[in-house]
Every structure is written in structure tokens, then in C-alpha cells.
Amino acid sequence: MTMTVEEMFDYWKQQAVREGESYASSWSDLYAIKMEIYEIGKRLKDGDHVIDIGCANGFSTMHYAAMKRLDIKGVDLIPEMIENANVRKEKLAGNIGSHVEFGVGDITCLEENNASYDVAIVTRVIINLGTRDAQAKALEECARILRPGGLLLLSEAMMEGWRRLNAFRAEWNLPPYPNLNLTIILITNSYFPPLAENSCWKKMLIFPAHTMYLRASSSRCYPRRSAAKLTLPSR
Ligand SMILES: C[S@@+](CC[C@H](N)C(=O)[O-])C[C@H]1O[C@@H](n2cnc3c(N)ncnc32)[C@H](O)[C@@H]1O
């Protein structure tokens, strides 16, 4: 059973109120979040105009801004998340904050102009959309706002990663891991070929499975050493 839009909205609103500026407003696994930031951050270039869609309280967004000289905008559906993101931004020392902006926005109908970004980042957002149509619409919106040659960076839970994890567990006679959250839809690779053919962008980089699944399923795929060395600014 999938979450209704209202239930999803209430869930993230509660997270925003309960967790404030903490990384935990988006996910309790700080290690995995750092891994995502590292993997995404190394694909950003100085000068990029970036949008982080579904940015929650801006924890990752601000890290990207500290890693490279970017103009970056974070948008989220939940106004309380954006309020917390702006508090985070206000607290930043130096001039990083002047290159960051936050606003309320819905990934399925973004207010952004066509072809206005070099990079769109979407981490663990599309899985929240209750229907396949909404998920496909979100990906179309990402394509629309990227300039020709732009880059879409997705880190989303995918069926493929979940299956891979369970195949690995079976090798060790472990019981299958349940579909982690039956209220979300795990997107599948089959969504992407038509979008990848969209001439609107040059390259779409999909992390082949959610980092959580990758971490558990294959040390070959997962950049364990580099992630272990990862140090991020302490803000
Ligand atoms: C799991 S959190 C991920 C947050 C952030 N991307 C990160 O990596 O930490 C999912 C976020 O997506 C937001 N969200 C859910 N539906 C959305 C929508 N339709 N448009 C924009 N944001 C949405 C939620 O409010 C929540 O902050």
C-alpha cells in the first residue's frame, strides 16, 4: 500500500518539526548520507548552477555549497523544511550562504524555467511520490529544467538494488530483507530508458541502487575506501 500525498506531506512535516536542523530530518543514517554527499559532490564542478530538489532542511545542500563554488538552490515541498534550511543558511560563516537559496517547490511541477540548471540533484525524493505517474512526471520536470548537456544525479531506492541485496543475503543463508517501506514505491530501471533518450540532457547518472542497498550488497560496487576517508565540514 502506498502513502497518500496527504500522509506523505504530514510525515515530512512532522520530521521537520521534530528534527529541526538535524541531518535526521531526512534520514537517521548519517554515514549513508555522507556517502551520498561524497559521491554527488565529486560530480559537481566550480561554477555549476545546481538545484537540489527535495532538499529537506538543506543539510546536504549546504555541504555541496561548501565543497565547490556553486550557485545552488534547494527546494522542498514542506515549508517547515525550508524554514529550517534558511536557519541553517543564516548560521553559515563566510560567504557560502550568499550562493545558496532555498524555496518551497514541488518536484512534479517546478516553478523553475526551462533549461535553467547545469545539474539537478534528487536524493531519496522520487520514492516518496505515491504513483508511478507522479514519479515519471518528476523525472520529466528534472529534464525540463536542465540545460542541454545538463546532468541529473539521482540517488533513489530501486527494485534492482533491493533484489541484489536479497540475492547476496541468500548466498549467506540469510532470510530476504523485506521491502523496507511498503508505503513507498521502489522505482525501477525500466523507468529510465525513455527519459535517457530525451535530448534535453546529455547525461543522467543514476546511482545503480540506493546507497543503503549498495553498501550491503556489493563491496565491488560500493566505494568503501573513499567513503571511509570522507571528511565533511562540521556544519
Ligand atoms: C528522504 S528526504 C531527502 C532529503 C534530501 N534530499 C537529502 O538527501 O537529505 C525526502 C524529502 O523529499 C521531500 N519531498 C517529498 N515530496 C516532494 C515533492 N513532491 N517535491 C519536493 N520535495 C518533496 C520531503 O519533504 C523530504 O524533505
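The model shown is predicted, which means the values in this text are computed figures rather than measured ones.

(A) Structural detail: the packing of helix 2 (residues 30-41) against helix 3 (residues 59-67). At a minimum axis distance of 10 Å, the contact between helix 2 and helix 3 shows a crossing angle of 40°. Between helix 2 and helix 3, the crossing angle belongs to the class labelled oblique. Of the two possible hands of crossing, helix 2 and helix 3 adopt the one that is right-handed. Every residue of helix 3 that contacts helix 2 at Ile 33, Glu 36, Ile 37, Ile 40 and Gly 41 is listed here: Ser 60, His 63, Tyr 64 and Met 67. Classifying every residue of the contact of helix 2 with helix 3 gives five nonpolar, three polar and one charged.

(B) How the structure looks around unusual backbone geometry. One non-glycine residue, Ala 56, lies in the positive phi region at around 55°. Along the chain, Ala 56 turns up in the loop between strand 1 (49-53) and helix 3. Not every positive phi belongs to a glycine, and Asn 173 is a case in point at roughly 55°. By the element assignment, Asn 173 lies in the loop between helix 6 (159-171) and helix 7 (192-196).

(C) Fine view of the site of the ligand. Within the structure, the ligand sits among 20 residues, and Trp 12, Ser 26, Gly 54, Ala 56 and Thr 123 are positioned closest to it. Taken together, the residues of the shell around the ligand sort by class into 11 nonpolar, six polar and three charged.

(D) The packing of helix 1 (residues 5-19) against helix 4 (residues 79-91), seen in detail. Packing of helix 1 against helix 4 leaves a shortest axis separation of 8 Å and a crossing angle of 30°. As the angle between them shows, helix 1 and helix 4 are arranged roughly parallel. Here the hand of the crossing between helix 1 and helix 4 comes out left-handed. Between helix 1, through Trp 12, Lys 13, Ala 16 and Val 17, and helix 4, the contact on the second element is made entirely by Glu 80, Met 81 and Asn 84. A per-class count over the contact of helix 1 with helix 4 returns four nonpolar, one polar and two charged.

(E) Examining the nonpolar core more closely. Grouped together as the largest cluster of nonpolar side chains are 44 residues, with contacts concentrated most on Val 50, Ile 53, Val 119, Ala 120, Ile 121, Val 122 and Cys 142. Once residues lying within four places of it in the same chain are set aside, the contact partners of Val 122 are Ile 53, Gly 54, Cys 142 and Leu 154.

(F) Highlighting the environment of Gly 103. By the secondary structure assignment, Gly 103 is in strand 3 (residues 100-104). On the neighbour-count criterion, Gly 103 (15 C-beta atoms within 10 Å) is partly exposed. Among all residues touching Gly 103, those that are not within four sequence positions of it are Lys 73, Val 75 and Ile 82.

(G) Region of interest: helix 1. Taking 1.5 Å per residue as the helical rise, helix 1 with its 15 residues ought to reach 21 Å, and the 21 Å between its terminal C-alpha atoms agrees with that figure. Within helix 1, the full set of buried residues consists of Trp 12, Gln 15 and Ala 16. The buried residues of helix 1 occupy one face: seen down the axis, they fall within an arc of 100°. Helix 1 presents Glu 6, Glu 7 and Arg 18 as exposed residues on the side facing more than 90 degrees away from its buried surface. Of the residues trailing helix 1, Gly 20 is marked for its positive phi of about 55°.

About the cut-offs
- Residues numbered from 1 in each chain as written.
- Predicted model: local features only at pLDDT ≥ 70, side-chain atom pairs only at ≥ 80, totals over all residues.
- Axes fitted to C-alpha atoms, helices over the stretch in contact; angles between N-to-C directions.
- Helix = DSSP H or I, 4+ residues; strand = E, 2+ residues; numbered from the N terminus.
- Parallel < 35°, antiparallel > 145°, perpendicular 65-115°, else oblique.
- Left-handed = near helix turned anticlockwise from the far one by under 90°.
- Contact = placed C-beta atoms within 7 Å.
- Nonpolar A, V, L, I, M, F, W, Y, C, P; charged D, E, K, R; others polar.
- Near = placed C-beta within 6 Å.
- Core = buried A, V, L, I, M, F, W, Y, C linked by C-beta atoms within 7 Å.
- Buried ≥ 20, exposed ≤ 12 C-beta atoms within 10 Å, placed from the backbone.
- Expected span 1.5 Å × (residues − 1).
- Arc of directions from axis to C-beta.

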